[in-house]
Amino acid sequence: MKLIIFLLLSFFMLIGCGGKSEIPDQLPSEPAPPGPPPAGMVLVPAGTFVMGSDEEDQQPQHTVYIKAFYMDTYEVTNRHYMAFVKETGHPKPPFYKDDDFNTPDQPVVGVTYYDAMTYAHWAGKRLPTEAEWEYAARGGLGNKKYPWGDEISAKQCNYVPSGGKEADGYEYTAPVGKFAPNAFGLYDMAGNAWEWCQDFYSITYYSVSPDSNPFGPDSGYTRVVRGGSYLSINPKYLSCASRLELKPFVQDRYYGFRCAQSP
Ligand SMILES: [Ca+2]
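Residues numbered from 1 in each chain as written. Predicted model: local features only at pLDDT ≥ 70, side-chain atom pairs only at ≥ 80, totals over all residues.

Chemist: Which parts of the structure should I look at to understand the sheet that holds strand 6 (residues 223-226)?
Modeler: Sheets are built from strands paired through backbone hydrogen bonds, the pairs being either parallel or antiparallel. Taken in spatial order, the four strands of this open sheet run 7-6-5-8, and their pairing is mixed. Single-partner strands in this sheet number two, and they are strand 7 (244-246) and strand 8 (255-256). Of the pairings in the sheet, the one linking strand 5 (residues 194-200) to strand 8 comprises two bridges and is parallel in character. Bridge pairing links Trp194 to Tyr255 in strand 8. The sheet strands contacting helix 4 (residues 130-138) are strand 5 and strand 6, and the helix crosses strand 5 at an angle near 140°. (Pairing = 2+ DSSP bridges. Helix = DSSP H or I, 4+ residues; strand = E, 2+ residues; numbered from the N terminus. Contact = placed C-beta atoms within 7 Å. Axes fitted to C-alpha atoms, helices over the stretch in contact; angles between N-to-C directions.)

Here it is in structure tokens:
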């Protein structure tokens with residue numbers, strides 16, 4: 001009898017030990033940066049995600065680790081951009097007299113890559129990398145198509161829904177923050193204005209991308225914009241993985257940006 005009890009006890013102890021000796025399947029999380037995020041920004045926590053999709057320029061899908069960073073809660077608005085213009089003498093954005101685009105809380109549009117970089121430097125920030133942008137847009141949901149899930153409707157962002165441009169309430173850009181944020185607390189990651197990223201664009205980059213904090217090719221002719229705009233009809237342009245290449249000096253009413261910052 002004692003032998004049976006001993007064997008049973010040994011068996012349960014082994015089971016208990018087995019549970020503790022399992023190898024964790026995730027990297028230990030980084031400690032959160034001390035203190036609250038800077039004003040107007042959210043903390044995007046460190047993590048790993050699957051970048052890309054089965055679309056031609058988003059292959060191969062690959063796993064990427066991103067360290068924690070801060071991201072602007074909203075696209076940079078006319079209000080903030082004009083404060084920069086006033087202080088620095090930087091040229092006004094081309095649509096500052098166009099009533100369809102110039103209210104203080106609409107995203108600034110018509111900015112080049114260089115304008116966006118100059119603003120970011122002035123603000124003590126930087127542009128997000130393409131990988132950071134996609135990771136932030138996904139909001140920790142995994143491999144979902146959009147920042148909120150797999151389906152899109154006029155309730156979720158400012159684009160051109162099946163009912164027409166204004167079916168979501170906005171014919172042109174919407175004031176920032178009019179639609180629900182994603183799980184990281186970021187607004188308008190799909191639609192409204194395309195957002196400049198800091199990387200050069202390369203259609204083949206995903207084949208050679210480092211798996212930790214990639215920052216794009218060393219050289220190139222075009223830069224990356226992300227997220228789609230108020231004029232996107234095809235929902236594929238509004239997806240988290242969608243990439244668009246753009247010459248860095250292009251100024252048009254679909255292109256804006258938001259900034260990132262390293263802790
Ligand atoms: Ca719309």
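Chemist: Whenever I open this one, the sheet that holds strand 1 (residues 41-44) confuses me. Can you help?
Modeler: Overall, antiparallel pairing links the three strands, which are arranged 1-4-9 in an open sheet. Either end of the sheet is taken by a strand with one partner, and the two such strands are strand 1 and strand 9 (260-261). As paired elements, strand 1 and strand 4 (residues 69-72) share four bridges and run antiparallel to each other. Opposite Val42, over in strand 4, you have Met71 as the bridge partner.

Chemist: I would appreciate a short explanation of the nonpolar core in the present structure.
Modeler: What tends to happen in soluble globular proteins is that the nonpolar side chains get buried as a cluster. Grouped together as the largest cluster of nonpolar side chains are 58 residues, with contacts concentrated most on Met71, Val109, Ala116, Leu127, Ala136, Trp196 and Tyr255. Of all the elements in the fold, those that place two or more residues in this core are strand 1, strand 2 (47-51), strand 3 (62-66), strand 4, helix 3 (113-122), helix 4, strand 5 and strand 6. If you tally residues by element for this core, the top one is helix 4, at five residues. Apart from the residues lying within four places of it in its own chain, the contact partners of Tyr255 are Val109, Val111, Ala193, Trp194, Trp196, Val225, Leu246 and Val250. (Core = buried A, V, L, I, M, F, W, Y, C linked by C-beta atoms within 7 Å. Buried ≥ 20, exposed ≤ 12 C-beta atoms within 10 Å, placed from the backbone.)

Chemist: It is not clear to me how the pairing of strand 6 should be interpreted in this structure. Could you clarify?
Modeler: For a regular strand, the rule is simple: side chains alternate between the two faces of the sheet. Going residue by residue along strand 6, you find Arg223 and Val225 tucked away on one face and Val224 and Arg226 tucked away on the opposite face as well. Here three bridges tie strand 5 to strand 6, and the two strands are oriented antiparallel to one another. Considered in strand 6, the bridge of Phe200 is made with Arg223. Pairing geometry for strand 6 and strand 7, over three bridges, is antiparallel. Each bridged residue has a counterpart across the sheet, and for Arg223 the counterpart in strand 7 is Leu246.

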